[in-house]
Amino acid sequence: MPAPPAPPHGRAAVLCGLAGWLPPRVVTNEELSQRLDTSDTWIRTRTGIGRRHFAEPGQATSDLAVEAGRRALRSAGVTDVDAVVVATTTPDRSCPATAPLVADRLGLVGAAAFDISAVCTGFVYGLASAAGLIAAGVAERVLLIGADTYSTIVDPDDRTNAIIFGDGAGAVVLRAGHAGEPGAVGHFDLGSDGTGEELIMVPAGGSRQRSASHLAAAQDHYFAMRGKEVFRHAVTRMTASARATLTLGDRKVEDIDRIVPHQANLRILRSVAEDLGLPPERLVTNVESVGNTGAASIPLALADAVARHTIHAGEHVLLTAFGGGLTWGSCLLTWPGLAGTDHPYDTGGTQ
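The structure reproduced in this document is the subject of the present report.

Conventions adopted
Residues numbered from 1 in each chain as written. Predicted model: local features only at pLDDT ≥ 70, side-chain atom pairs only at ≥ 80, totals over all residues. Heavy atoms only, no water. Axes fitted to C-alpha atoms, helices over the stretch in contact; angles between N-to-C directions. Helix = DSSP H or I, 4+ residues; strand = E, 2+ residues; numbered from the N terminus. Parallel < 35°, antiparallel > 145°, perpendicular 65-115°, else oblique. Left-handed = near helix turned anticlockwise from the far one by under 90°. Contact = heavy atoms within 4.5 Å. Nonpolar A, V, L, I, M, F, W, Y, C, P; charged D, E, K, R; others polar. Buried < 20%, exposed > 50% of the residue type's maximum accessible area, 1.4 Å probe, protein only. Pairing = 2+ DSSP bridges. Salt bridge = Lys/Arg side-chain N within 4 Å of Asp/Glu carboxyl O.

## What to know about the packing of helix α7 (residues 227-248) against helix α8 (residues 266-276)
Then comes step 1: Contact pair α7 / α8: the axes reach a minimum separation of 9 Å and the direction vectors enclose 40 degrees. Put simply, α7 runs oblique to α8. α7 and α8 meet at a crossing whose hand is right-handed. Mapping the contact onto sequence places F231, A234, V235, M238, T239, A242 and R243 in α7 and R267, I268, S271, V272, D275 and L276 in α8.
Then comes step 2: Broken down by class, the residue content of the contact of α7 with α8 amounts to eight nonpolar, two polar and three charged.

## Here we look at helix α10 (residues 297-307)
Then comes step 1: Buried residues dominate α10, accounting for 10 of its 11 residues.
Then comes step 2: Along α10, the residues classified as buried are S297, I298, P299, L300, A301, L302, A303, D304, A305 and V306.
Then comes step 3: Check the buried side of α10 and you find it contacts β1 (11-21), α5 (122-135), β7 (167-178), β11 (258-261) and β12 (316-323).
Then comes step 4: Backbone geometry just downstream of α10 places H309 in the positive-phi region, at approximately 60 degrees.

## A word on the pairing of strand β8 (residues 185-192)
Then comes step 1: Within β8, six of the eight residues are buried, which leaves the element mostly enclosed by the surrounding structure.
Then comes step 2: Bridge count for β8 against strand β13 (residues 327-334) is six bridges, and the pairing is antiparallel. When the bridges of β13 are listed, V185 appears paired with L333.

## Quick notes on the pattern of salt bridges
Then comes step 1: Under the criterion given, the structure shown has 15 salt bridges.
Then comes step 2: Note that E31 is salt-bridged to R25, the shortest N-O span being 3.4 Å.
Then comes step 3: Here E31 falls in the partly exposed class, since its relative accessible area comes to 31%.
Then comes step 4: Looking at R25, the relative accessible area reads 32%, which means it is partly exposed.
Then comes step 5: Among the ionic pairs, R258 bridges to E315, the shortest N-O distance being 3.8 Å. Taken together, the positions of R258 in strand β11 and E315 in the loop between α10 and β12 put the pair 57 residues apart, joining distant regions of the chain.

In short, geometric facts, not functional conclusions.
Encoded structure:
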């Protein structure tokens with residue numbers, strides 16, 4: 001669903017802070033190959049992933065979200081916001097939402113707080129929601145966090161999925177500003193197709209399973225994905241959504257300096273860039289180092305790119321994502337100058 005074009009000089013959400021955080025535990029392909037029928041070469045060839053980070057026992061999604069949020073607030077040079085939005089597939093609990101707890105732990109007493117569940121598209125959906133709060137005058141500043149701990153829902157003995165996913169959190173701070181200034185979050189394209197629900201899902205744990213007369217099998221409590229079909233949908237949906245967003249923004253593919261897709265796997269990312277006609281050097285990716293981190297993947301990739309100076313102020317950036325639901329979404333913005341952004345691989349504990 002293409003969003004209405006933003007007014008050229010109207011009130012808009014402006015990105016003014018960015019950060020990411022990864023739990024310290026690194027899990028290499030070699031470690032996984034010691035207990036799974038796989039190898040470093042096999043994993044790299046099919047996914048482009050070399051390692052990923054896992055949360056420690058007892059560590060929850062909120063713990064990662066709080067640290068990323070704290071760093072994003074520091075990057076923006078602010079101590080308070082009007083709303084906290086957490087995009088996640090792995091909330092601390094099914095009830096209540098994780099965002100109020102995160103807000104409390106960050107000292108953001110009284111801020112509106114809610115979760116968004118759009119799986120790997122969650123950050124883009126959250127970005128649109130946060131931008132809407134600001135455009136409507138409901139909030140002057142919003143903290144948006146994408147955080148997931150897939151290690152808690154992926155079967156560690158699942159050779160197909162255990163190699164792909166990692167844990168992490170990325171966050172941005174958005175402030176009220178004008179549509180024409182650098183960092184303004186611009187045009188969006190969002191969509192869904194519920195007929196593909198079974199392609200990416202955790203079968204058990206929700207009201208559908210709980211209301212059934214039979215007990216769920218143990219395997220139904222784990223994440224399941226039909227990889228080949230998901231690959232096809234991911235490339236098709238992200239490419240189409242990106243093109244729709246470019247049309248809304250009256251831009252051409254060649255106008256884009258950097259494309260930052262959801263970091264699903266390297267083959268998908270390269271296929272999207274190729275289908276759009278973007279040269280490989282414009283593709284921003286860190287999937288080799290972190291794996292697929294769900295809703296955290298886009299802000300983590302952005303934080304990594306800023307820390308490594310591979311994305312620069314004034315560049316035209318296209319974000320695009322695909323996830324369970326099925327859901328997809330894209331967004332355009334001109335990159336702002338950001339100061340004080342920590343590298344997400346700096347995992348020296350909370351500060």
